[in-house]
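Structural features, examined
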Amino acid sequence: MSTPSDARRYAPATERNREPILAVLQRVLPSTGTVLEISSGTGEHAVFFAPRLAPRQWLPSDLDPFARDSIVAWQAAAPADNLHPPLALDAAAPLWPIESENLQDALPGLDLQRYPITALVNINMIHISPWAACLGLLAGAGRILPPGGILYLYGPYQQNGQHTAPSNAAFDASLQAQNPEWGVRDLEAVVDAAKAHELALVETLAMPANNLSVVFRAIG
């Protein structure tokens, strides 16, 4: 008989980047509320961050059903009181399930009145998805976040139209070979798109392996 752990997926980069990302999140996230993680992938970040960021609540999500199965399996292996079941969420969709009036029925363990969403976290997604997913992510953050809410992005970026390292240029080429709609995004293009949704750039931080932490604050 299969066990929940059978569904667990592993992303090698997670163990390398989780501590540096955690250090940034501990500093920039609001001290209360729910953190909605968009495109949670394997779920390894969720089970690592949730107990370390309590009393904040952590709500993972992913469009891929196999990723959601992995998240559930990781939760079973490393449960935390403030870690909730994953939502099926397409970042590019014009309306997210978190905006549904019936959401509370789907998440009975999460009290959104007591713990409203105050932050969105998105790690290593926008370069392995169409540009529409990035635009959808920014639009969703603009709709959902309260004034002062935080959007945190992590991944590789071009700056001023240039790659920050030869390895990122090679990575970009490999991504576009897999799917022409993928690729390392230009940071300035992301920042400009964020402005349309009243998301102001707060800071950009250099991270391991030529990645960046990009922090926005909702000003609407």
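These remarks concern the structure in this document. (Residues numbered from 1 in each chain as written. Predicted model: local features only at pLDDT ≥ 70, side-chain atom pairs only at ≥ 80, totals over all residues. Heavy atoms only, no water.)

Brief notes about the pattern of salt bridges
This is how the line gets drawn: When a carboxyl oxygen of Asp or Glu lies within 4 Å of a side-chain nitrogen of Lys or Arg, that pair is called a salt bridge. What counts as a helix is a DSSP run of H or I of at least four residues, what counts as a strand is a run of E of at least two, and both are numbered from the N terminus.
Throughout the structure, instances matching the rule amount to four salt bridges. A salt bridge links Asp64 to Arg9, with the nearest nitrogen and oxygen atoms 3.5 Å apart. Highlighted residues: Asp64 in the loop between strand S3 (61-62) and helix H3 (65-77) and Arg9 in the segment before helix H1 (12-28), separated in sequence by 55 residues. Its salt-bridge partner being Glu203, residue Arg27 comes within 2.9 Å of it at the nearest N-O pair. Of this pair, Arg27 sits in helix H1 while Glu203 sits in strand S10 (residues 199-207), and the two are 176 residues apart along the sequence.

Let's talk about the packing of aromatic side chains
Here is the rule we go by: Centres within 6.5 Å make a pair out of two Phe, Tyr or Trp rings, where for Trp the six-membered ring is used; the pair is then stacked when the planes are under 30 degrees apart, edge-to-face when over 60, and tilted otherwise. Exposed residues in this analysis have more than 50% of their type's maximum accessible area, buried residues have under 20%, and partly exposed residues fall in between, with area computed by a 1.4 Å probe over protein chains only.
A full pass over the atoms with the stated rule returns three aromatic pairs. On the basis of an interplanar angle of 75° and a centroid distance of 5.2 Å, the ring pair of Tyr10 and Trp74 is categorised as edge-to-face. In this pair, Tyr10 is assigned in the segment before H1 and Trp74 in helix H3, connecting sequence segments 64 residues apart. By relative accessible area, which is 54% here, Tyr10 ends up exposed. Geometrically, the ring pair formed by Phe49 and Trp58 is tilted, given 5.6 Å between the ring centres and 50° between the ring planes.

A word on helix H6 (residues 166-178)
Along an α-helix, residues three or four apart share an orientation, since each turn contains 3.6 residues. Just so we agree on the cut-off: Multiplying 1.5 Å by the residue count of a helix minus one yields the expected span of that helix. Taking the helix axis as origin, the arc is that swept by the directions to the C-beta atoms. Two residues qualify as a contact provided that any one of their heavy atoms is within 4.5 Å of a heavy atom in the partner residue.
In this model, H6 (13 residues) spans 19 Å end to end at C-alpha, consistent with the 18 Å of a helix rising 1.5 Å per residue. Listed in full, the buried residues belonging to H6 are Asn168, Asp172 and Leu175. With its buried residues spanning 65° around the axis, H6 presents them on a single face. Exposed positions of H6 whose direction lies more than 90 degrees from the buried face are Pro166 and Ala177. Buried residues along H6 sit against strand S7 (157-159) and strand S8 (162-163).

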